[in-house]
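What follows is each chain in one-letter form.
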Amino acid sequence: MKLSLEAARAFARNILTAQNVPIDIADDVAEHLVEADRSGYTSHGISILPNYRRAIDGQSVNPAGRAECVLDRGTLMVFDGHGGFGQHVGKTVMQQAIDRVREHGHCIVTLRKSHHLGRMGHYGEMVAAAGLVLLSFTNVINRPPVVAPYGGRVARLTTNPLCFAGPMPNGRPPLVVDIATSAIAINKARVLAEKGEPAPEHSIIDADGNPTTDASAMFGERPGSLLPFGQHKGYALGVVAELLAGVLSGGGTIQPENPRGGVATNNLFAVLLNPEFDLGLNWERGEVEAFIQYLHDTPTAPGHAQVQYPGEYEAACRAAADGYLEINPNIWRNLEGLARELGVGVPA
């Protein structure tokens with residue numbers, strides 16, 4: 001199925017407004033989802049809308065929820081998302097943080113009780129477009145854990161993504177590092193299961209702790225667990241994200257005394273900086289450009305056409321999309337069914 005970006009945004013927006021999501025919130029969610037698809041991340045694109053329908057029906061997301069600043073100390077802001085759609089709440093919070101950095105040169109921001117924030121690289125690109133640098137840590141609560149600690153066979157953590165982003169010189173795409181601390185994201189496993197495709201090796205264990213490439217093992221009666229990326233290294237970063245985002249935001253961690261309602265709630269800890277320090281802007285740009293050229297000049301290993309820096313993949317996907325999304329037939333069938341249930345017109 002091939003769909004124009006405009007039609008995809010309208011389709012996603014109409015599905016949301018049919019469920020009593022305010023139009024401005026629906027616009028932000030739809031834009032974010034389509035941009036995730038356009039950037040090469042189907043797992044965080046419009047394929048997730050049936051999950052959001054279940055969250056609305058189960059009252060696990062507040063369709064009209066908006067971000068509220070509950071503490072403001074100049075370069076420190078604390079927000080409560082009131083259970084609202086993360087793509088709207090996160091955009092609001094990040095824009096206020098950007099405005100604060102323009103005033104003070106830096107800002108620490110935390111967010112608690114947001115529904116799924118979506119693709120974190122979206123916020124990284126937003127910050128980089130403003131000429132600023134982002135370092136963020138996110139944890140996931142209000143759902144059962146899905147990631148086994150290093151050395152364990154039972155899940156105790158969630159995917160806890162990290163995002164680092166900043167502008168690049170000479171018209172280059174921004175640097176964007178957006179990674180789960182698990183070997184793959186849980187939504188990636190969902191998409192693989194929907195497509196009937198195997199998961200990468202060393203990314204999933206079954207309920208008995210045995211390695212498997214069957215992504216559907218994550219969604220059975222006895223679900224398995226995702227593994228941390230890089231063994232103990234990804235596990236350690238997941239623990240750091242859990243504590244920074246969960247504790248410093250006031251939103252809580254995945255520990256079992258906190259609620260596990262079955263639908264992802266995100267907490268966030270982020271630092272934003274203006275990179276124009278006293279070293280001199282011309283020197284900084286020259287140094288970054290020289291470093292990128294150094295990476296690009298790396299002789300390639302077999303099977304690789306070029307060495308890229310983080311963020312070039314997403315930019316290449318957006319360029320290749322050329323105004324359209326290619327939607328997997330299985331995903332499209334799910335979306336068609338959802339639309340018909342809600343009385344929403346399906347694009348041709």
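All values reported here derive from a predicted model rather than from experimental measurement. (Residues numbered from 1 in each chain as written. Predicted model: local features only at pLDDT ≥ 70, side-chain atom pairs only at ≥ 80, totals over all residues. Heavy atoms only, no water.)

A separate point is the pattern of salt bridges. Tallying each qualifying case throughout the model produces 17 salt bridges. A salt bridge links Lys-91 to Asp-28; the nearest nitrogen and oxygen atoms lie 2.9 Å apart. You can see Lys-91 sitting in helix 4 (residues 86-104) and its partner Asp-28 sitting in helix 2 (residues 23-38), a full 63 residues away along the chain. Residue Lys-91 is classed as partly exposed on the basis of its relative accessible area, which comes to 39%. The class of Asp-28 is buried, set by a relative accessible area of 15%. (Salt bridge = Lys/Arg side-chain N within 4 Å of Asp/Glu carboxyl O. Helix = DSSP H or I, 4+ residues; strand = E, 2+ residues; numbered from the N terminus. Buried < 20%, exposed > 50% of the residue type's maximum accessible area, 1.4 Å probe, protein only.)

For the rest of this paragraph, the subject is the domain arrangement of the protein chain. Taken as a whole, the protein chain is organised into domain 1 (1-59 + 314-347), domain 2 (67-145 + 153-179 + 230-277) and domain 3 (183-227). On a C-alpha basis, the centres of domain 1 and domain 3 stand 24 Å from each other. Taken together, the ten residues of domain 1 in the interface contact seven residues of domain 3. Summed over the shared surface of domain 1 and domain 3, the number is zero salt bridges. When residues of the side of domain 1 that touches domain 3 are assigned to their parent elements, the largest contribution, three residues, is made by helix 10 (residues 329-342). Of the residues that constitute the side of domain 1 that touches domain 3, the class distribution is two nonpolar, eight polar and no charged. (Domains from an automatic or database assignment. Contact = heavy atoms within 4.5 Å. Nonpolar A, V, L, I, M, F, W, Y, C, P; charged D, E, K, R; others polar.)

Taken in spatial order, the seven strands of this open sheet run 2-3-4-11-5-6-7, and their pairing is mixed. Two strands lie at the open edges of the sheet, namely strand 2 (68-72) and strand 7 (175-179), each paired on one side alone. Sheet twist, expressed as the average angle between the axes of neighbouring strands with direction ignored, equals 15 degrees. Both strand 5 (residues 133-141) and strand 6 (residues 162-166) contribute to a ladder of four bridges, which runs antiparallel. Of the residues in strand 6, the one forming a bridge with Leu-135 is Phe-164. Strands strand 2, strand 3 (76-80), strand 4 (106-115), strand 5 and strand 11 (265-273) of the sheet are contacted by helix 4, whose axis makes an angle of about 170 degrees with strand 4. This element, helix 7 (residues 232-248), spans strand 4, strand 5, strand 6 and strand 11 of the sheet and lies at about 85 degrees to strand 5. (Pairing = 2+ DSSP bridges. Axes fitted to C-alpha atoms, helices over the stretch in contact; angles between N-to-C directions.)

Attention now goes to the packing of helix 6 (residues 186-195) against helix 10. The N-to-C vectors of helix 6 and helix 10 enclose an angle of 100 degrees; their axes lie 8 Å apart at closest approach. Taken together, the axis directions place helix 6 and helix 10 in an arrangement best described as roughly perpendicular. Contact with helix 6, carried on its side by Val-191, Glu-194 and Lys-195, involves Asn-330, Ile-331 and Asn-334 of helix 10 and no other residues of that element. Each residue belonging to the contact of helix 6 with helix 10 can be placed in one class, and the counts come to two nonpolar, two polar and two charged. (Parallel < 35°, antiparallel > 145°, perpendicular 65-115°, else oblique.)

Consecutive residues of a regular strand have side chains that alternate between opposite faces of the sheet. By the bridge criterion, four bridges tie strand 2 to strand 3 in an arrangement that is antiparallel. Within strand 3, the residue paired with Asp-72 across the bridge is Met-77. In textbook terms, the turn of a hairpin is the stretch between consecutive antiparallel strands, and for strand 2 and strand 3 this stretch comprises three residues, one of which, Gly-74, has a positive phi near 80 degrees.

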